[in-house]
Every structure is written in C-alpha cells, then in structure tokens.
Amino acid sequence: MELQLKGSVIVLTLNSTNNGVTSGWEEGKYYSEEAEVDRRDPGRDYELYKYTCQELQRLMAEIQDLKSRGGKDAAVEIEDRRIQSCVHFMILKKLNRLAHIRLKKGRDQTHEAKQKVDAYHLQLQNLLYEVMHLQKEITKCLEFKSKHEEIDLVSLEEFYKEAPPDISKAEVTMGDPHQQTLARLDWELEQRKRLAEKYRECLSNKEKILKEIEVKKEYLSSLQPRLNSIMQASLPVQEYLFMPFDQAHKQYETARHLPPPLYVLFVQTTAYGQACAHMKSSQPPRQDKTLSVAIEGSVDEAKALFKPPEDSQDDESDSDAEEEQTTKRRRPTLGVQLDDKRKEMLKRHPLSVMLDLKCKDDSVLHLTFYYLMNLNIMTVKAKVTTATELITPISAGDLLSPDSVLSCLYPGDHGKKTPNPANQYQFDKVGILTLRDYVLDLGHPYLWVQKLGGLHFPKEQPQHTVIADHSLSASHMETTMKLLKTRVQSRLALHKQFASLEHGIVPVTSDCQYLFPAKVVSRLVKWVSIAHEDYTELHFTKDIVEAGLAGDTNLYYMALVERGTESDACSSPSSGKGCHSQDVKYRTLLPLCSPCTHLGGIESCDSSQLSWHLIGQGFLLEPPRCCLWCCHPAPALAAKLQAAVVLNPGYSSIPPVFQLCLNWKGEKTNNNDDNIRAMESEVNVCYKELCGPRPSHQLLTNQLQRLCVLLDVYLETESHDDSVEGPKEFPQEKMCLRLFRGPSRMKPFKYNHPQGFFSHR
Amino acid sequence: MERAMPQAVPLGQMEVFQALQRLHMIIFSQNVSPCGKFLAAGNNYGQIAIFSLSAALSSEAKEESKKPMVTFQAHDGPVYSMVSTDRHLLSAGDGEVKAWLWAEILKKGCKELWRRQPPYRTSLEVPEINALLLVPKENSLILAGGDCQLHTMDLETGTFTRALWGHTDYIHCLALRERSPEVLSGGEDGAVRLWDLRTAKEVQTIEVYKHEECSRPHNGRWIGCLATDSDWMVCGGGPALTLWHLRSSTPTTIFPMRAPQKHVTFYQDLILSAGQGRCVNQWQLSGELKAQVPGSSPGLLSLSLNQQPAAPECKVLTAAGNSCRVDVFTNLGYRAFSLSF
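As the structure is a computational prediction, the values presented were derived from the model and not from experiment.

Novice: Which residues make up unusual backbone geometry, and what values go with them?
Specialist: Residue and element names in this part refer to chain B. Positive phi, normally seen in glycine, also occurs at asparagine 139, with a value near 50°. On the secondary structure map, asparagine 139 appears in the loop between strand S9 (129-135) and strand S10 (140-145). Given a relative accessible area of 33%, asparagine 139 falls into the partly exposed group. Phi is positive for alanine 200, which is not a glycine, with a value near 60°. Structurally, alanine 200 can be placed in the loop between strand S15 (191-196) and strand S16 (201-207).

Novice: Account for the interface of chain B and chain A, with residues named and values stated.
Specialist: Facing the 47 residues of chain B at the interface are 56 residues of chain A. Each partner contributes to the roughly 4500 Å² buried at the junction of chain B and chain A, and carbon and sulfur atoms together form 55% of this total. Between chain B and chain A we count five salt bridges in total. A salt bridge links lysine 262 of chain B to aspartate 674 of chain A; the shortest N-O distance between them is 3.1 Å. Ranked by residues supplied to the side of chain B that touches chain A, first place goes to helix H1 (residues 13-23) of chain B with seven residues. Grouping the constituent residues of the side of chain B that touches chain A by class yields 23 nonpolar, 15 polar and nine charged.

Novice: Can you explain the confidence of the model for chain B? Please cite residues and give values.
Specialist: Across chain B, the average pLDDT comes to 87, with 96% of residues at or above 70. Predicted confidence for residues 1-10 of chain B stays below pLDDT 50, and this span has 27 contacts to residues more than four positions away or in other chains.

Novice: How would you explain the sheet that holds strand S1 (residues 291-296) of chain A if you had to name every residue and give the values?
Specialist: Residues and elements named next belong to chain A. Taking strand neighbours across the sheet as the criterion, the four strands line up as S1-S2-S3-S4 in an open arrangement whose pairing is antiparallel. Looking at strand neighbours, the two that pair on one side only are S1 and strand S4 (377-385), the edges of this open sheet. Here the strands of the sheet are splayed against their neighbours by 20° on average, with no regard to which way each runs. Sitting on the sheet, helix H19 (residues 470-502) touches S1, strand S2 (352-358), strand S3 (364-372) and S4, and the angle it makes with S2 is about 60°.

Novice: Describe in detail the pairing of strand S19 (residues 242-245) of chain B, supporting the description with residues and values.
Specialist: Looking down a regular strand, the side chains alternate between one sheet face and the other. All names here are of chain B. Of the two faces of S19, the one holding Thr242 and Trp244 and the one holding Leu243 and His245 are both buried throughout. Pairing of strand S18 (residues 232-237) with S19 involves four bridges; the strand directions are antiparallel. The residue of S19 that forms the bridge with cysteine 235 is threonine 242. The hairpin turn running from S18 into S19, its antiparallel successor, is four residues long. Two elements, S19 and strand S20 (residues 250-254), share four bridges in a ladder whose sense is antiparallel. Bridging from a neighbouring strand, tryptophan 244 pairs with proline 251 of S20. Once S19 ends, the chain turns through four residues before running back antiparallel as S20, passing serine 249 with a positive phi of about 40°.

Novice: Outline the nonpolar core, listing residues and values.
Specialist: Among the nonpolar cores identified, the biggest contains 143 residues, and Phe369, Trp448, Trp527 and Leu700 of chain A are the most heavily contacted of them. The element that contributes the greatest number of residues to this core is helix H27 (residues 699-716) of chain A, accounting for eleven residues. Apart from residues no more than four positions distant in its own chain, leucine 700 of chain A is found in contact with Leu494, Gln497, Phe498, Leu501, Trp527, Val645, Tyr651, Pro656 and Phe658 of chain A. Counting 15 residues, the second largest nonpolar core, distinct from the first, contains Val192, Met233, Cys235 and Trp244 of chain B.

Novice: Break down the pattern of salt bridges for me, with residues and values.
Specialist: Close approach of charged atoms allows side chains of opposite charge to pair. This structure, assessed with the given rule, holds 42 salt bridges over all chains. Its salt-bridge partner being aspartate 189 of chain B, residue arginine 193 of chain B comes within 3.3 Å of it at the nearest N-O pair. The same class applies to arginine 193 of chain B and to aspartate 189 of chain B, which are both buried. A salt bridge links aspartate 327 of chain B to arginine 335 of chain B; the nearest nitrogen and oxygen atoms lie 3.9 Å apart. For arginine 335 of chain B, a relative accessible area of 32% puts it in the partly exposed group. Members of the salt-bridge network, linked through shared partners, are Glu36, Arg40, Asp45, Lys94 and Arg102 of chain A.

Novice: Go over the packing of H19 of chain A against H27 of chain A, please, and point to the residues and values.
Specialist: All names here are of chain A. For the pair H19 and H27, interaxial distance at closest approach is 10 Å and the crossing angle is 30°. Here H27 runs roughly parallel to H19, going by the angle between their axes. Across the interface between the two elements, Leu494, Gln497, Phe498 and Leu501 of H19 pack against Leu700, Thr701 and Leu704 of H27. Here the residues of the contact of H19 with H27 sort into five nonpolar, two polar and no charged.

Novice: Go over a nonpolar patch on the surface, please, and point to the residues and values.
Specialist: Together, Ile209, Leu210 and Ile213 of chain A give the surface a local cluster of nonpolar side chains, amounting to about 250 Å² of exposed area. Locating isoleucine 213 of chain A in the fold gives a position in helix H10 (residues 177-241).

Analysis parameters
Residues numbered from 1 in each chain as written. Chains lettered and ligands numbered in written order. Predicted model: local features only at pLDDT ≥ 70, side-chain atom pairs only at ≥ 80, totals over all residues. Heavy atoms only, no water. Helix = DSSP H or I, 4+ residues; strand = E, 2+ residues; numbered from the N terminus. Buried < 20%, exposed > 50% of the residue type's maximum accessible area, 1.4 Å probe, protein only. Contact = heavy atoms within 4.5 Å. Buried area = accessible area lost by both parts, 1.4 Å probe. Salt bridge = Lys/Arg side-chain N within 4 Å of Asp/Glu carboxyl O. Nonpolar A, V, L, I, M, F, W, Y, C, P; charged D, E, K, R; others polar. pLDDT = per-residue confidence, 0-100. Pairing = 2+ DSSP bridges. Axes fitted to C-alpha atoms, helices over the stretch in contact; angles between N-to-C directions. Core = buried A, V, L, I, M, F, W, Y, C linked by side-chain atoms within 4.5 Å. Parallel < 35°, antiparallel > 145°, perpendicular 65-115°, else oblique. Patch = residues over 30% accessible without salt bridge, like charges linked within 9 Å, V, L, I, M, F, W, Y side chains within 5 Å. Areas by Shrake-Rupley, 256 points an atom, 1.4 Å probe, with all protein chains shown as cover.

Have a look at this one:
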C-alpha cells in the first residue's frame, strides 16, 4: 500500500479506517481528537493535505479519462477510483477537523497569554506609582527644616570648652554630628535658662534701685533751699578770701548775653586756659596766670538789644519817616545822615571779651575782642604792658604799637580789610571806601580773630548767614595762642635790643659769643627806623623790592656801620692812657676780651700744629700783634657801611633782609662789588647759623654783629695798592687761610669758632 | 569797594628763604651739551641746572621752557667750571671733579659717574678748582685752581699724570693753543704762563701787571680771563683787557674798559668780553668798542658760544653771572630772553 509508505500515523489512520474499523471504534471509547491533535505534527498534516489533494486531482483526472474513453471495465475502474477518492475525502475531512481544533486551541492559548500580560502590566503600573510616591516622601524628608538651625549656637570649640561634660559628652558626640548638635542644643537651652534667671534678677534689682533713687531725689529736692541759704550766707566770706567762684559764675551768666562769635571765643579761650593750667600743674584751673579771660561792657545794653522786634521795627519806620522829612527839608544834612548810617553800620556789640596773655617775663598782651553786629565780623585791639617800665627807643616806635604788633601773625593777614565779603555791598550803600580808615578806632579784623570766634568766610560768594562754629575756633586756638606769645616775646626782645642798638651797641649774648671773633673793630653808629617809601626809593634796594620782599606790612630800618673814624677806639690819636680808658669802655659795653686774647685764640686750639701749618703754608700773612690798641696807624678814610633792613612782622621765623651800600673809595653795592654781594648773602641766606639758641630772638643783633665782622674782613683783606706810599689803611688782624678764592675773588668771610681763623665758604 | 592795595604776595618762611636764595645766586659756569640743544649752568649753591635751548628758542616757547628741565645738587660748594666731552659733562668746584653722563642727565635720573680729586699738598683747606680744560689730542683734562698748579688727568684711566708748578698764587683761567700743544694759564699772581705739554715745562711768562700800559694797581694784579688764537692772546682782570702778541710778548692793543673783565673770547674777527657791569662788550681787534649789549645781571662771569654743528638752530650766545638768570643772545645785537633758575 502506497499510503502505508507515507508514514506510520497515516498508516495507523488508514488502518483504522480500512481494516480496523471495529478495533478503532472499540478504542474510540477513550479516543479523543483533541488528544490526537497534540500528538500530530501540523507540518506533516500539511504535507498530507497537499498529497491528498494531488491524489484527488489525479483520481479525478483518471476518472475523467476513463469516462471519456468509456471502456467496458471502465465502470469497475471508475468504482475503484471513486472508492479511493472517497478515502481521500475522508482524510481531507479529518484534516479539516484537526485544523479547526488546532485553531481553537491556538486562540485559547493566545487569550490566556494576553490575560497574563495584562495582569503583569497592571502590577507594573502599581509598582511605578508606588516608587514615585516614595521618592516624593524622600525629598520631602530631605527638605525638612528643623527649628534648631535658626538658633545661633555657640561655636564648637567654645562649646567643648564651656559646657559641663554631662551635656557635651565628648566621647559620644565627637564622632557623631547628630549627637553633637543635640548636645549643643541642650547646652543652649541650659544657658538660656540661666540667662532668663539672671534677667529676672536684674529686673528686680532695677526696681529696687529705682525706688532708692526716688527716695534720694526727694531728699535732694529738699536740700536745694537749704543750700541756697548757705550760698547767700557765704558770699561775704568769698569776697573776703578773694575766691572768685561766684564771680566766675556771674561771668558765665554774663556770657549768655554775648553775641555768638564772642561767646564761642569766650568759651574756647576759657577752656584753653583751663586746659593749659591743667597740663602745667595740678593747681586748680582758676588759678592759671598765663591766660585770663574777662567780659567787659554793659549787660543791660546787651539785654536791651534783645527787645521784642516790634519796637525796633517801629523805631526804624519812624526814623525812616523822619529821614524822609529831613531830606525834604534840609539837604545839607545829607552828609550828617550818612555819617550816622556809617556809625550805625560800624556799631559794636556793647559787650567785649578781654583776653590777657601773660608771657614768661611777666609782660602781658591785652587783647580786646569786639563784635561788629551789622558787619558780622570781629575785631581785636592789642596792648602790651611789661613788668618793668621800658625806655622806648625812637626806632622801636612801631614795634609794640597796637596798630602793628599783631600784623601778619599768619602770612598775609594784615588785618586792614574786612574778611567778610558781604561787607563790601554794605559799604557801598553808605559810601565807605575801605575798612582801613576805621581800624584804628574799631580794632583790626584779622582773619585769625574770625577763626577764633568760629566765623568762617568763604572766599568767593558773600554768605549772609555765617554761623559761629566751636570746632573752627578750637582748631585754631592753640596755634594762635602760641603765635601770639612768640610774637609778643620776639617784639619785646627786639624792643630791648633796639634800645641798645640806638646807643651804638650791638648786644651779643654770651651763648652767641662763639659766632664772632673776640675783637670786632667796626662799630654800629646809627640805627633808625625809616618809612616804607623811603626804603623803596633807596638806590641799592631795588632787588628786594622787585623780588616782592618789601611789602608795606614790614618794618624798615637803616643801620650804619663804621670803621676808621673818631669813634673807633684805636684810631683816636690818643695816648696810651686814653686808649686804656676806651678799652675799659669796650669791656663794659661789649663782652670783648682783653687785647691779647685773639693771640690766645690760636694757642688755645690745642694743636700748635695749626699755627705751624699756617705759617708753613705762607698763609699767615701778618703775625699777630701783642697790643692791637696802640699799633694802629690812623686811617685816612672812614669806611661807612649802610645797611637797609627789612624786618618782616613774622620775625624771627622769617629773617630780616639786609641790603648793603659801602662808602669807601667810591660807592660799592652788590651791583658793582661781588664781595658786597657775598656779605649780603652771608647775613641773608646763611642766617640760620646766626639764629642762636631757640627761640632765636638774637637773630637781628647777631646779624648786625656779623655785619661788623664782615666789614672788618672786607676792609682788612682789601688788596693794597702798591703804587701808593704808606702802610695799609686797615692792617690785617684777622687770621685768614687765603685772601681770595674762586673766579669772583671772594674774601674769607666764614669764621671758624674755636681756632679763630677765617676761611672761605 | 576795598581799595586795591600794592600788596606783595604773602610769603611764608620757606618762600622767603627761596626768594633770598634766588636773589643771592651766582652762576659761575655754563656749558653746552655735545648735541648743542641743552645748556648746563652751575651756581654757587652747588646745583647744576639743565636748560633746553631748543625748547626755549622754538616758536611755541612758553614761560616753563625758560625754566630748567632738571636741577640737581652736584657739589657741596660752588660749581666753578664745567666742560663737556662727547658723552660726559665734567663739573668742578670744591676740589673735586665729577663726571655725569649727558644721556642720563637728560633722562632726569642722573648719578655721578665718577669723581676724582687731584693730589693736594695741604689738608687744612681743600683748594678749589677754578678752571677745567680739555686737551682733545691727548684725551686728557687739565685742572687748575687753588693749589697754584696745573694738574693733568688722563681721561682714559682717570689718573693724574703730572702737575705743573710755577704760579705763586691761585690760578683763575686756562686756555689752549690749538696748533701746538701748549697751554696758557693766568692767575691771581698777575702772571700769564705758557706751558709746553710735551716737555711739561714753562716756556714763557708774561707778568702783565709789570707793563705800565695795562697795569692798574688799584684793581690788583690778578688775571681773571684768558683767550688765545694762534699767536695772539687776550687777557684781562685787575690789569686792563689787553691783546698780546705772544712771540714777541708785547701788548699790542689795550682795550679802554674800566671794569675788571671776567671772561673773554675770540669770535670771528671780534673779541667778546664780560665782567663787572651789565653789558657784553664787543671789541674790534684795533681796540675800538663795537657794541655794548646790556644783559639782565649786574655782573657777568661767563660767556658761552654755542657753535655745535649738530644744532645750527640753537646757535646762540649765553651769558651768566651775579643773578639767577642766564641771558640768551640770538644774535650779537640784543638780549632775546633770559633763562632762569
């Protein structure tokens, strides 16, 4: 059988269909096609199906063929073929059923799987949601802010240092920041508790003290009337004992009526005076003698100034009306009116402040400060009194005059112009040209006075409201007071010096003696003050005027130094006796040494080598003489040296300036003689070596003495004209290393102190 | 209104001192830089100021360009003399000669390059140096002054090679005869001595004051200035300014000038001289006074002719002396302006 060849299953099937129908049905009790489906391979079924279809086609084709042929045995053949076809159809049917069963089975499986997938998906969704929720929770936790973070805890080191060990528990908390924070919080709580306790204590304490104060206040207020009565009773005692406590009190009372600038001045000067006294000694402040302040003037008048404004307004309108009337009626009174107006404008406040500044030598500078109410400036009048009566030299006229004693205390502050720019407009109205004409009467409106009163005037714009300022006053107080003192002292020193200068004596103090040789022959014969105009007209002062060093605030003097006239001790053709009397005079007036000391000068400079050296060099041109007084020949011509002196008010910090003119064999000035120029530069430029001990009040006299020495050197080193017969006019007595030096043939003007010789600078 | 007052500017202590210093300033020496554009001036305070001639002479010159570009303290004492080599400025005064680099001076950061002191015999007072003279042929510098000798310094090694003796008082001035290596020196002793540099010997002495024509005993014997041009020599000082014929050592022309002269120089066919008095004098060789050009200083000590070929626009005559100003003459006819310390 062909079918059996196709495979066992089919064979089985065919067996069951062909031979074993009975057996098949017998078995059919438990036969199930579903189970068969599982056992069969679908691929093979497909092959079988294809094969069956082909067989059917073939059989059909054979039947067709047989039928068409129509043979005898055709019917048998066809029958055979039909049976075969039927079998094949059976197979097809069977296969069809199997296919259905398979389909159904597949559908069931798919469905089952799908349901499973759905279930899993749902589960996944749930899980994801859960994850999300948890994450949210976590971030919420992470973002949680605890209250304790806002608490400002003590620092870690401090905590471990201060907290008791039962709180800090260092061994636990050191490694664990959480525990540490907890411990710190505990400590904080502990501390706060303690502080709260303390606070409560303090509050109760305060309460207690307040109560005490209340009680004491009551006591004090009951004391006031009693004290008043004691004060009243003590007044006569105070007066009797010269204890000006009450007076000071009264002065303060009066000070209340001072105008603001004067008040500032009063307060600041009083304060400065007290401060100075404190610094100097432990004396009580009121006993200070160097600075005393007082208020002068009528308090009632000052009070009257503060009358209700309506009255004054009325007055003014009245006066205005009157004014109009008068102008209508009488024209010639215009000038008088203007005068009145000027007076009104320049009116001073009725109160003034007196300031007495005492110097070391008991001389006193009295300053009176006034306030010009309408001009809003302050003025000062100065007066100097000395302990002993001064003989006033003629040339010292201006030195202590109230007009000039304080001029240019600060550079350029000559006190002749109003410092308040607003005043100029006021002056224009009443026809005042300048305040300069009134300063003698009113006092000088120096800038420093305004500053002491706390008034500050701007340079550019006129400001109508200038407020008195304490700090401005205080900042200028010390320097100004010091300047005032030095000014007075230097003026007094000059005053004294001028007295002797006028007598032809240059006073050289012993501590400046080393600056000059022992013997100076040239003498000062004249010392007079000259006017500024006269100074500018001198022919040899042009340079100084052009250099701007000759302002009109300076003081001007003329000195005349001479050598070789009758006043010269040695030149007088007198006998030895007369000479000695002159000698005595010299010794008393000037601390000159005996005639032979200049010789001793060399010997005393311990190196005898020096004189040897000098002689060896051939420099020592004239051997020192034994007696200088008597060996001089009588000079034929007197040498007169005029010196025009500019004395800056800032003397002695600013040096006096000398211009020289020598009358000897023609007129010699710095224009035609280099050595005169050098002499000027010696006194003017090298003035610092002539200052002497601080505060260098000796400068002017030292300069004059130096001038005498310079003239000596100039005359003695003048080269001798060989062609003229006779000895030198001024024999050389000064020791000089060389006579001339340098291209301009300078003479040896520099004096070397211990050795006593002259050299070039 | 307040009257305008003829008030000088208020001066403080410092300003007064500076004003006095300026007033008593003496400019002893001046020298033109090798480039011809700058002028150095030394004063009695030991300061050297450098002026820019080209800036002061330019058309847009302002007041500031007449002030020094640089001022520096060079010596303790006065600066009596200065000369320039092609790179250095040499200055001398109080016994020492110091060298400064021109390039550094102009850059305003100057430090002295070196300083030398001639071997002096005395120690009591350091003698001053009044005159410096360059001898280009030998590359040496001659110094003369207070110790009455001429010291020769080799510029290459900086050593003092020889000293020439002869003067009996200090030396004022030196002059070089270009053709033969001979140097003239004039001093306080009234003699002009001629030295041969090859043999280091004195070859000729003219004692000017002994000649009656030019001696002026009331002024002294000193010779303050010297200049030479081959066979001719002009000298002045205490004696009158005189033109000498060197070979015959006779005075040929005596110039009628009363004031002692401190500086004299040949310029083309003229002789320029200056001294006491405000003027720069111009003389014909015949003794005729050609012109007197007034300057701003009461006395002059030095004249300087800027003839550097490098800067023809700066060809000027400058004169300085007893003031803080250096007068500049653009032509010989008049004073154009003054440079001022």
